[in-house]
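Report on the structure
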Amino acid sequence: MNLRLNEIIYALLYHSCAQLANDRAQAIGKKLLKQMPTIYRNNNIVLTSAINMLMKFGDVSQAESMFELNQKKDIICYNAMIKGYNENQMFEKALDLFEMMGLDFDDATYVILLNSCAHLANDRAQAIGKKILEQMPTIYRNNNILLNSALDMLMKFGDVTNAERIFQLTQKKDIVTYGAVMNGYYVNHDPLKCLNIFNEIKQLNLVPNEKIFAVAIGACSKIRILSICQSIIDQIPVHMQDNLFIQNSLINMWSKSGSFVKAQQVFESMCNPGIITYNSMINAYGLNGMGLEAIQLYKRIPNNQRDDISHICALNACSHSGLLAEARIIFNQVHTKTERIITTMVDCLCRLFVFDEAENLIDNYEKTNSPYIVMYMAVLSGARNHRNSRLAEKIYNRMKSLFPDEKQSLISGTILLSNIYSSLGLSEQASDIRSYQRHELGAKAKPGMSWTEIGGELVEIRAHAHAGRHQQSKTVSAAFERLPAEAERVSAELTAHGHIFDGSWITRPIGQDESVQSILCGHSEKIAVLLNLTQEPVPQLIQITKNLRICGDCHSVTKKIANIRQIDIIISDANRVHHFYKNGQCSCQDHS
């Protein structure tokens, strides 16, 4: 163009450069800004387009300068600035600017601010977000885009009740609305409700998009029951099955559900797997106790393409399979050893009881970095498995000194220390540490829960429960009725095969009407196994998902049951996938 540019052309060109945001666009956009006549530097339309462009370039400081130069800032200009902060992950600055505004908001302002609060989700953001909702004029309460943003924000706050209220009040629910509530249930750890919404979408003949399927696959990754996973996969349209994000999610889902074969099939079907795909498959092997396969795949990745996650997944696989020599080789070859890489190596060493080397790694790390509680938890967990009370006491006392505000980790630490004392017959010390947990830390340990499928219905089981959670079918109710008789049969079989219930895994005082056996048999994963055994016919594959790590007694019992009843059992716990085989062995080789 050889013509003089007017404000409309400048605004359009800035918009074009913002959409591209590549090197050429950035060069042209910044050149235009320098050449722009001063007459346009107080034009709100032009300046708003320029601010939007600079924010897209990531040049926040220049965008702020342009904003400050504008003498006649309107709501659109403020919106561009706050949206730019959001795009550059500067959500606190977005809220700072909000608190300086003296203008009436439009619907776009509300949406942008609710998104700022959703991403931050800290105390300040929650206070501002809820205040914005309270003060929002009724004229906007039927605006779907705005309501979807409000719903998403409340879910990110963990305020599921109010998010559900907004969902129910939304008159014209669209696929974005359903997607927001699905994702909300997912991030709030309720995969069952997440899949219920997915089924509602299908019943309403709405067409799920890739995001909806990705969330549904994520929910399946948490439930980890193969039949449920397959029912969702069967509904994915052919044109979405080649989507890279979907494929990576499927590898993750199948691996956590215990089907490394199906994860492998997805991986091998991909023409040009990227680093995320390789990492997903290495992790899949590691979770399922296939450390050697994980290392072989790790070695196939060119050195210059491996990232931190590659190293972490490979080290984790070594840790889960007891491959210490291989872990040392991988660790020593890593040039930049990040906090997470060092933590994973510490975990590997402690699982194999190489505590001196693990402690040296921690000491060297802390010469230049702040202490990291996860490293200490890894040592404490290893000390528990080694029944090393001296080391456990030393590590736990350091944790109390270094991390006095990390209540949940300290509670986990007291449980591990109590387990060690109990395993050594030191009942008084075990009682003292449990008393400390109750009175000093104040919080309770996370309750054990398991999920399994009975008669085609997913059942949630709480520890020591005599019935499943939520409304039950006749099949599930009948299974719980048959539970006591089945428990007696299995107990007799276990005793006949030499099993002695291990009281060191009990994390609370034993009541007058209780025994070591009665408490341990109340663990949710044992109840889940027994419920499956009440079925006629008994399934040849029993699948259970556990929210915590499986305890040592449950692990020993499940190996024996698989052998006695000649069935395969898969238990996916918080740490890995355990495949219990008919020969009485577990895929973890007792490196749980």
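Just so it is clear, the structure is predicted and the values come from calculations on it, not from any experiment. Throughout, residues of each chain are indexed from 1 in the direction in which the sequence is written. Thresholds applied to this predicted model are a pLDDT of at least 70 for local features of residues and 80 or more for the giving and counting of side-chain atom pairs; totals over whole chains, interfaces and linings are not thresholded and use all residues. By convention in this description, side-chain values take in all heavy atoms of the structure and omit both hydrogens and water.

Some remarks on the side chain of arginine 576
Which entries qualify depends on this criterion: Numbering of helices and strands runs from the N terminus, with a helix taken as a DSSP run of H or I at least four residues long and a strand as a DSSP run of E at least two residues long. Per-residue accessibility, obtained with a 1.4 Å probe over protein chains only, is compared with the maximum for each type, and a residue is labelled buried under 20%, exposed over 50%, and partly exposed between these values. Under this rule, positive means Lys or Arg and negative means Asp or Glu; His and the chain ends count for nothing. We define a salt bridge as a contact between a side-chain nitrogen of Lys or Arg and a carboxyl oxygen of Asp or Glu at a distance within 4 Å. In protein, a polar contact requires one atom able to donate a hydrogen and another able to accept it; more generally it is a pair of N or O atoms within 3.5 Å, and residues adjacent in sequence count only if both atoms are side-chain atoms.
Residue position: arginine 576 is located in the loop between β4 (568-572) and β5 (577-580). No salt bridge forms around the buried arginine 576; measuring N to O, its nearest opposite-charge neighbour aspartate 573 is 6.4 Å away. Side-chain polar atoms of arginine 576 contact the backbone oxygen of histidine 320, separated by 2.8 Å.

Regarding empty space enclosed by the protein
To keep things clear, this is the line we draw: A cavity here means a set of 1 Å grid points, computed over protein atoms only, where a 1.4 Å probe fits but cannot escape. A pocket is an open set with protein on both sides within 12 Å along at least 5 of 7 lines, and lining residues have an atom within 4 Å of a point. Grid points are joined across faces, edges and corners, and a volume is the space filled by probe spheres set on the points. Any residue that is not Ala, Val, Leu, Ile, Met, Phe, Trp, Tyr, Cys, Pro, Asp, Glu, Lys or Arg is counted as polar, Gly included; the first ten are nonpolar and the last four charged.
The final tally for this structure, using the stated rule, is two cavities of 30 Å³ or more. Taken as a whole, the largest cavity encloses approximately 40 Å³ of empty space. The wall of the largest cavity is formed by Asp347, Cys350, Arg351, Ala378, Ser381, Gly382, Asn385 and Arg549. The set of elements that each furnish at least two residues to the lining of the largest cavity consists of α21 (339-351) and α23 (373-386). Considering each element in turn, the lining of the largest cavity owes the most residues, four residues, to α23. Taken together, the residues of the lining of the largest cavity sort by class into two nonpolar, three polar and three charged. Considering only enclosed or pocket space, the second largest cavity measures out at about 30 Å³ in volume. Around the second largest cavity, the lining residues are Glu359, Ile362, Asp363, Tyr376, Val379, Ile395 and Arg398. Looking at the lining of the second largest cavity element by element, the count peaks at three residues for helix α22 (residues 355-366).

Some thoughts on the UniProt feature "repeat: PPR" (unreviewed entry) in the protein chain
The line we're drawing: UniProt positions are given in the numbering used here, feature names are shortened, and annotations may be inferred rather than shown by experiment.
Here the UniProt-annotated "repeat: PPR" (unreviewed entry) positions come out as residues 74-104, 174-208 and 243-277. Span residues 74-104 is 74% helix and 0% strand, its end C-alpha atoms 10 Å apart. As annotated, residues 243-277 has a helix share of 74% and a strand share of 0%, and its two end C-alpha atoms lie 12 Å apart.

A short note on the packing of helix α11 (residues 175-187) against helix α13 (residues 210-223)
So the rule is basically this: Here an axis means a line fitted to C-alpha atoms, over the contact stretch when the element is a helix, while the angle between two N-to-C directions is reported on a 0 to 180 degree scale. Here roughly perpendicular refers to angles of 65 to 115 degrees, roughly parallel to angles under 35, roughly antiparallel to angles over 145, and oblique to all remaining angles. Helix crossings are classified by the rotation of the near helix relative to the far one: an anticlockwise turn of less than a right angle makes the crossing left-handed, while a clockwise turn makes it right-handed. By the convention used here, residues are in contact when the closest approach between their heavy atoms is within 4.5 Å.
Remark: α11 packs on α13, axes separated minimally by 10 Å, with the N-to-C direction vectors making an angle of 20°. Of the possible angle classes, the one that applies to α11 and α13 is roughly parallel. Seen from above, α11 lies across α13 with left-handed handedness. Between α11 and α13, the contacting residues are Ile175, Tyr178, Gly179, Met182, Asn183 and Tyr186 on the first element and Ile212, Val215, Ala216, Gly218, Ala219 and Lys222 on the second. Here the residues of the contact of α11 with α13 are counted per class, giving eight nonpolar, three polar and one charged.

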